[in-house]
Amino acid sequence: MNITHVKIMEGFIRACEDGWLQGWHERNGGNLTCRLTTEEVEELRPFFKEQPGEWVHMGVKAENLAGEYFLSTGSGKYFRNVPLAPQDNLCILEINSAGDSWRLVWGLEKGGNPTSEFPSHFLNHSVKKEATKGENRVIYHAHPAHITAMTYILPLTSRDFSRALWKSETECPVVFPGGVGVVEWMVPGGAQIALATSELMKTFDAAVWAHHGLFACGPDLDTAFGLMHTIEKAAEIYLLARSAGQELQTIPDSGLRAIAEAYGVKLREEFLDNQ
Ligand code: 2HA
Ligand code: ZN
């Protein structure tokens, strides 16, 4: 039995490979984390290091994540290489009882650290765990080209982006009825972008990082990956339509309301016009 046969590890590796194949992870771009269930930790434990690493302070703290375990991509590691050598490019981290430090229990065999965005992931996991009563387990950050391109031509507001994306593809209001949040341009990797993103994630399942990429979350890998994919595809359609010529028609707000009604979802009311 190899660790790659454990279901959650297999799914995580597949998500990394799929993201690479989508073109969302040039070089070491992007990062993925999954909060593990107790059952998953027990399945993975036989592969843990005999001696865990030293505790490393994070600079952010979340008491509701004390004692949790996370599967994470490594800082500076390439998604492209994950399927070839998961043990060198991924890691499993244990969080201490104060919820402010991690230690390595598996992976990164050739050295390294968890993703540079671990503070962002960690705070987002905390916010999402609270907001979804423990359901949300996956946070995914990628660099898809079209949604990033949109951040140069649209006002950087959640309302503008949510409306543009909802109207770019009929399924969008069903997939993300809450819309998408937008974080203004910031230096990545630090506490400021982590706090700004986690504030938005209290009410959104996805946040656009201006001139950088996208954060998406979900209860499992399929949902988080699917949300990333849906938003990026809508952004592609938005840009294709605008590059092709002048817009003659689009989905009206009354149409958005009708979709919400037909599919039993609640759209964020303040993002709709009264018509
Ligand atoms: O290189 O994507 O935001 C990893 C990143 C940083
Ligand atoms: Zn990034």
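The rules behind these values
Residues numbered from 1 in each chain as written. Chains lettered and ligands numbered in written order. Predicted model: local features only at pLDDT ≥ 70, side-chain atom pairs only at ≥ 80, totals over all residues. Heavy atoms only, no water. Helix = DSSP H or I, 4+ residues; strand = E, 2+ residues; numbered from the N terminus. Rg over C-alpha atoms; globule rule 2.2 N^0.38 Å. Contact = heavy atoms within 4.5 Å. Buried < 20%, exposed > 50% of the residue type's maximum accessible area, 1.4 Å probe, protein only. Lys, Arg positive; Asp, Glu negative; His and termini not counted. Salt bridge = Lys/Arg side-chain N within 4 Å of Asp/Glu carboxyl O. Polar contact = N/O pair within 3.5 Å; in protein donor to acceptor, adjacent residues only side chain to side chain. Core = buried A, V, L, I, M, F, W, Y, C linked by side-chain atoms within 4.5 Å. Near = heavy atom within 4 Å. Areas by Shrake-Rupley, 256 points an atom, 1.4 Å probe, with all protein chains shown as cover. Nonpolar A, V, L, I, M, F, W, Y, C, P; charged D, E, K, R; others polar. Pairing = 2+ DSSP bridges. Axes fitted to C-alpha atoms, helices over the stretch in contact; angles between N-to-C directions. Phe/Tyr/Trp six-rings, centres within 6.5 Å; stacked < 30°, edge-to-face > 60°.

In this section: the overall build of the protein. Scanning the protein from terminus to terminus reveals 10 helices and nine strands. Taken over C-alpha atoms, the radius of gyration comes to 19 Å for the protein, in line with the 19 Å a tight globule of 275 residues would show. Structurally, the protein occupies a C-alpha span of about 65 × 35 × 35 Å along its principal axes. Taking the intrachain contacts of the protein between residues at least 6 apart in sequence as the baseline, contacts between residues at least 24 apart amount to 71%.

Now for the side chain of E117. Position of E117 relative to the elements: it lies in the loop between β5 (101-107) and α4 (118-131). Within the buried core, E117 has no salt-bridge partner, and the shortest N-O distance to an opposite charge, that of R27, equals 13 Å. In terms of polar contacts, E117 uses its side chain to reach the backbone amide nitrogen of G189, at 3.0 Å. When neighbours within four sequence positions are excluded, E117 is seen to be in contact with N31, H141, P188, G189, I193, W209 and H212.

Turning to the nonpolar core, a few remarks are in order. Ranked by internal contacts, the top residues of the largest apolar core, which has 69 residues, are M9, I92 and M150. If one sorts the elements of this core by residue count, helix α9 (residues 221-244) sits on top with 10 residues. The contacts of M9, once residues within four sequence positions are left out, are I3, T4, L44, L71, L90, I92 and W106. Residues M58, F70, I95 and L104 belong to the second largest nonpolar core, which totals 15 residues.

Attention now moves to unusual backbone geometry. The phi torsion at R27 lies on the positive side, around 45°, for a residue other than glycine. Along the chain, the position of R27 falls in the loop between α1 (7-22) and β1 (31-35). Within the chain, H211 stands out as a residue other than glycine whose phi angle is a positive 55°. Here H211 lies in the loop between β8 (206-209) and β9 (213-218).

Let's shift gears to the site of ligand 1. Taken together, the residues surrounding ligand 1 are N28, G29, G30, N31, E117, H141, H143 and H212. In the environment of ligand 1, an oxygen atom lies 3.1 Å from a nitrogen or oxygen atom belonging to the backbone of N28. Within the contact set of ligand 1, an oxygen atom lies 2.9 Å away from a backbone nitrogen or oxygen of G30. When isolated, ligand 1 has an accessible area of 220 Å², and the protein chains bury 85% of it. Tallied by class, the residues present in the shell around ligand 1 amount to no nonpolar, seven polar and one charged.

A sheet is described by the order of its strands in space; here nine strands give the open sequence β2-β5-β4-β3-β1-β6-β9-β8-β7, paired in mixed fashion. The open sheet has two edge strands, β2 (56-57) and β7 (181-183), and neither has a second partner. Sitting on the sheet, α9 touches β1, β6 (138-142), β8 and β9, and the angle it makes with β9 is about 145°.

The next point concerns the packing of aromatic side chains. Using the criterion set out here, one finds 10 aromatic pairs in the structure. Aromatic side chains W24 and Y140 sit 6.4 Å apart centroid to centroid with 50° between the ring planes, which places their arrangement in the tilted category. With W24 in the loop between α1 and β1 and Y140 in strand β6, this residue pair connects regions lying 116 residues apart in the sequence. Looking at W24, the relative accessible area reads 3%, which means it is buried. Taking the relative accessible area as the measure of exposure, Y140 reaches 2% and is therefore buried.

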